[in-house]
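Overview (structure and organization)
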Amino acid sequence: PSVEVKDPELDLRRLRVRLAVGLGLAILCFGLLTARFYYLQVVRYQDFHAQAEDNRITLIPIPPQRGQITDRNGIVLAENIFSYALEIAPARVANLNQLIDELGKIVEITPLDRRRFRRLMAEMKFTDTVPLKNRLTDEEVARIAAMRFRFDGVEVKARPYRNYPLGPTAAHVIGHIGRISTEDNERLAESGKTSSYAGTTHIGKLGVELSYEDELHGEAGIDEVEVTAGGRAIRSLSRKPPKSGRDLVLSIDIRLQKLVETWYGNRRGALVAIEPESGDVLAFVSMPTFDPNLFVDGIDVQSWQDLNTNPDRPLLNRPL
C-alpha cells in the first residue's frame, strides 16, 4: 500500500494563507461597520437628531379662555362652561368608520354626530383631535374611560363651551360663536393670526361676539411635552400659558331689554332705547328673536330650516 507523506511546510503555508484571508475579511467587515457607524453618527447626526427630537417632544396648543360678556349691571350674557367631549385623532386611526361603529356600542353616536365629525375633520386645521360627541354625561365619560384601552386615537377632553344663559334675550346684540370654518381659516392666515388660534375650535360669527373677536378671544399657549413612541405623554418640559380674552361690558340694560321683548309678544318689530345724557344704547330689540345656543356646536338641519323658512324672519336684525 502507498504511504502518503505530509509536507509540514506546505500545510503551514496553506494555514497562513487561510488565516490571512480570514483576517482580511474580518478587517473588511469591521471597516464597513466602522464606515457605516461614522456615516450614521457623524454625517447624518443632525438629521437623525432632529427626527429623534420630533418623536420625543410634541407641542400641544393650549386654547385661551374666552372673555365673558355682561350687561351694564354685571348680569352675565355670555359665559364659559366646561364639559367633556369625545374626540378622535384621525392621524392615529386606520379605519375611522369601524372605530366610530365600535364607539357607538358604548355611547350613542347619532347620524348628526357623524356628519358633523366629517365636516369638522375637513374644516379644522389647527387641532390634532376632532370632536365626535360633545357634552358627555358623567355616565358616558365613565363608560368610555373603562374601555379606553381598546381604542387608539380616542380621547376624552374637558372643553370650555360658550353658553348664553338668557337664551333668545338680546340675541341680535350678543350674537354667537361657531365652529371655525374654511373661510375663517383663510381669513386668519391672511391676517397673520393663525398661531393665536392654535387649538381653538370656535370663533365669533355674529353680533358683538364677532365685532369684538380680537378682544374676547385672547392668545393661545403652548405645552411642550415629552412623549413615548406610542404617543403617551410622560412629562411636561416647558409651558407657555395662554392669555385669556378680555371681558366685555355692554351698555345694554338686560332687564329693560327683556321687558320690551316681553311686551312685543308674537309681533314683529324693532326698538332702540338710547339714554340722551350719555348716548348709551340701553335696549336694542329685534323681534322675533332666536336662541344663540343652537349655533355653538353647529345647528342641526331642522332648526336651521325652521329659522330660515319662518315668515317672521327671526334672523333678520331689524333695528340695525
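Check the entry above for the structure.
Heads up: these notes are all about the structure in this document. (Residues numbered from 1 in each chain as written. Predicted model: local features only at pLDDT ≥ 70, side-chain atom pairs only at ≥ 80, totals over all residues. Heavy atoms only, no water.)

The next point concerns the overall build of the chain. Counting its secondary structure elements, the chain contains eleven helices and 14 strands. At 33 Å, the chain has a C-alpha radius of gyration far larger than the 20 Å of a compact globule built from 320 residues. Taken along the three principal axes of its C-alpha coordinates, the chain extends 135 × 45 × 30 Å. For the chain, the residues scored as buried account for 35% of the 320 residues in total. Partitioning the intrachain contacts of the chain with sequence separation of at least 6 by distance along the chain shows that 71% fall at a separation of at least 24. Looking at the chain, you have 42 positive and 44 negative side-chain charges, and the mean spots of the two groups are 5 Å apart. (Helix = DSSP H or I, 4+ residues; strand = E, 2+ residues; numbered from the N terminus. Rg over C-alpha atoms; globule rule 2.2 N^0.38 Å. Buried < 20%, exposed > 50% of the residue type's maximum accessible area, 1.4 Å probe, protein only. Contact = heavy atoms within 4.5 Å. Lys, Arg positive; Asp, Glu negative; His and termini not counted. Charge placed at Lys NZ, Arg CZ, Asp CG, Glu CD.)

Time to look at helix α7 (residues 182-191). Taken together, the buried positions of α7 are Asp184, Asn185 and Leu188. Axial view of α7: buried residues confined to an arc of 100 degrees, hence all on one face. Of the exposed residues in α7, the ones pointing more than 90 degrees away from its buried face are Glu183 and Glu190. Directly beyond the C-terminal end of α7, a positive phi value near 70 degrees is found at Gly192. (Arc of directions from axis to C-beta.)

Bringing the pattern of salt bridges into the picture now. Taken as a whole and judged by the stated rule, the model has 22 salt bridges. Note that Glu102 is salt-bridged to Lys105, the shortest N-O span being 3.3 Å. The exposure class of Lys105 is exposed, given its relative accessible area of 66%. Asp214 is the salt-bridge partner of Lys193, the closest N and O atoms lying 2.9 Å from each other. With Lys193 in the loop between α7 and β7 (202-206) and Asp214 in helix α9 (residues 213-217), the pair connects residues that are 21 residues apart, well separated along the chain. With a relative accessible area of 29%, Lys193 lands in the partly exposed category. What emerges from the salt-bridge pattern is a single network uniting Arg66, Arg162, Glu209 and Glu213. (Salt bridge = Lys/Arg side-chain N within 4 Å of Asp/Glu carboxyl O.)

For any pair of aromatic rings, the description consists of the separation of the ring centres together with the inter-plane angle of the planes. According to the stated counting rule, one finds two aromatic pairs in the structure shown. Relative to Phe295, the ring of Phe290 has its centre 5.7 Å away and its plane inclined at 80 degrees; by these criteria the two rings are edge-to-face. In this structure, Phe290 and Phe295 share a single accessibility class: buried. Relative to Trp304, the ring of Phe295 has its centre 6.2 Å away and its plane inclined at 90 degrees; by these criteria the two rings are edge-to-face. Members of the aromatic cluster, each reached through a chain of ring pairs, are Phe290, Phe295 and Trp304. (Phe/Tyr/Trp six-rings, centres within 6.5 Å; stacked < 30°, edge-to-face > 60°.)

Now for the nonpolar core. Ranked by internal contacts, the top residues of the largest apolar core, which has 19 residues, are Leu86, Ile88, Leu99, Leu103, Phe117 and Leu132. Elements represented by at least two residues in this core include exactly β3 (76-88), α3 (96-104), α4 (111-123), β4 (130-136) and α5 (138-147). The element contributing the most residues to this core is α3, with four residues. Once residues lying within four places of it in the same chain are set aside, the contact partners of Leu103 are Leu86, Ile88, Ile109, Leu132, Phe151 and Val154. Counting residues in hydrophobic clusters, the runner-up holds 16 residues, among them Leu77, Ala78, Ile177 and Ile252. (Core = buried A, V, L, I, M, F, W, Y, C linked by side-chain atoms within 4.5 Å.)

This part is about unusual backbone geometry. In this structure, the amide linkage connecting Met287 to the following residue, Pro288, adopts the cis form with an omega of 0 degrees. By secondary structure assignment, the location of Pro288 is in the loop between β14 (281-287) and α11 (301-309). Positive phi values are uncommon outside glycine, yet Ala170 reaches one of about 60 degrees. Taking the relative accessible area as the measure of exposure, Ala170 reaches 2% and is therefore buried. The phi torsion at Arg313 lies on the positive side, around 50 degrees, for a residue other than glycine. In this fold, Arg313 is placed in the segment after α11.

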